[in-house]
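Single-letter residue listing:
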Amino acid sequence: MRNINEIIIHCTDTYEDMDVDIELIRKWHVEERGWSDVGYHYLIKRDGSVETGRDIDRPGAHAVGHNAHSIGVAVAGGKARGDESPTNFTQAQWDSLEDFVVSLVAQFPAANVIGHNDVSSKDCPTFDVKQWWGEL
Ligand SMILES: [Zn+2]
């Protein structure tokens, strides 16, 4: 197994009424970006269910400069129309994200929980992950 020192949270940058699943994102990443597989290791769907993407033994493709030693978890949503907030995740997703990240940290106690926006200038995942994690 790789040495994991970061768990990086993402959003899929899709609208709240888009029920994206790992197969759709795999299709985008493979067919449109030419990658070997979906870039994320896990996806939390709008209903809160967790889907497995790329095998965690393999580096992901989700955060430039951080892929080798991290696990990428994406939450479906994060894109707004008009004046809506992009932070449009369902309560089921918040609950599931919390449970799932707790279980990952139990497996990888040395890993810091951060957002994509902590390591890049992107807005992804549209909220302050360190603050969210710190308040749990
Ligand atoms: Zn991201």
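Up top is the structure.
Because the structure is predicted, anything quoted here is derived from the model rather than measured.

Q: I would appreciate a short explanation of the pattern of salt bridges in the present structure.
A: Any two side chains of opposite charge can pair, on the condition that their charged atoms come close. This model, assessed by the stated rule, comprises six salt bridges. Note that Glu31 and Lys27 form a salt bridge whose closest N and O atoms lie 3.3 Å from each other. Within this pair, Glu31 and its partner Lys27 are both found in helix H1 (residues 22-32), separated by four residues, close to a single helical turn. Residue Glu31 is classed as exposed on the basis of its relative accessible area, which comes to 57%. Within the structure, one salt-bridge network assembled from shared partners comprises Glu23, Arg26, Asp37 and Arg58.

Q: Would you explain the layout of surface pockets in this entry?
A: Which parts of space are left empty comes out when a probe the size of a water molecule is rolled across the atoms. Roughly 490 Å³ of internal volume is contained in the largest pocket. Along its surface, the largest pocket is lined by 23 residues, and Cys11, Thr12, Asp13, Arg33 and Tyr40 are the ones closest to its centre. Among the elements of the structure, strand S1 (6-11) and H1 are those that each provide at least two residues to the lining of the largest pocket. Take the lining of the largest pocket: its biggest share by element is four residues, from H1. Looking at the lining of the largest pocket residue by residue, the class counts come to 10 nonpolar, eight polar and five charged.

Q: Is there a simple way to think about the nonpolar core in this case?
A: Taken as a class, soluble globular proteins show a tendency for nonpolar side chains to be buried jointly. Core analysis: the biggest nonpolar cluster contains 23 residues, and Ile7, Ile9, Ile71, Val73, Leu97 and Leu104 have the highest contact counts within it. Looking at this core, the elements with two or more residues in it are S1, strand S3 (42-44), strand S5 (70-75), helix H2 (91-107) and helix H3 (129-135). It is H2 that provides the largest number of residues to this core, a total of five residues. In this structure Ile7 touches Ile71, Val73, Leu104, Val105, Ala111, Asn112, Val113 and Ile114, once residues within four positions along its chain are discounted.

Q: Explain the packing of aromatic side chains here, please?
A: Tallied over the full model, the rule gives six aromatic pairs. Here the aromatic rings of Trp94 and Phe127 are separated by 4.8 Å at their centres, their planes lie at 70°, and the arrangement is edge-to-face. Taken as a pair, Trp94 in helix H2 and Phe127 in the loop between strand S7 (112-115) and H3 lie far apart in primary sequence, 33 residues in all. Under the relative-accessibility criterion, Phe127 is labelled buried at 10%. Note on Phe127 and Trp132: the rings are 6.1 Å apart at their centroids and 80° apart in plane angle, and the pair reads as edge-to-face.

Reading the values: rules and limits
- Position numbers for residues start from 1 in each chain and track the written sequence from start to end.
- Since the coordinates come from a predicted model, pLDDT governs what is reported: local features require at least 70, and pairs of side-chain atoms require 80 or more to be given and counted, while whole-chain, interface and lining totals use all residues.
- Excluded from the side-chain calculation are hydrogens and water; included are all heavy atoms of the structure.
- We define a salt bridge as a contact between a side-chain nitrogen of Lys or Arg and a carboxyl oxygen of Asp or Glu at a distance within 4 Å.
- Working definition: helices are DSSP H or I runs of at least four residues, strands are E runs of at least two. Numbering for both runs from the N terminus.
- Burial classes: relative accessible area under 20% of the type maximum marks a residue as buried, over 50% as exposed, and values in between as partly exposed (1.4 Å probe, protein chains only).
- Site definitions follow a grid-based scheme: protein atoms alone, a 1 Å grid, a 1.4 Å probe that fits but cannot get out for cavities, and for pockets an open set with protein on both sides within 12 Å along at least five of seven lines, plus lining residues having an atom within 4 Å of a point.
- Grid points are joined across faces, edges and corners, and a volume is the space filled by probe spheres set on the points.
- For this scheme, ten residues count as nonpolar: Ala, Val, Leu, Ile, Met, Phe, Trp, Tyr, Cys and Pro. Four count as charged, namely Asp, Glu, Lys and Arg, and the remainder, Gly too, count as polar.
- Residues enter a nonpolar core if they are buried and are Ala, Val, Leu, Ile, Met, Phe, Trp, Tyr or Cys, with the set joined through side-chain atoms within 4.5 Å.
- Residue contacts are counted whenever heavy atoms from the two residues lie within 4.5 Å of one another.
- Any two rings among Phe, Tyr and Trp, with Trp reduced to its six-membered ring, count as a pair given centres within 6.5 Å; such a pair is stacked if its planes are under 30 degrees apart, edge-to-face if over 60, and tilted if neither.

By themselves these figures say nothing about function.
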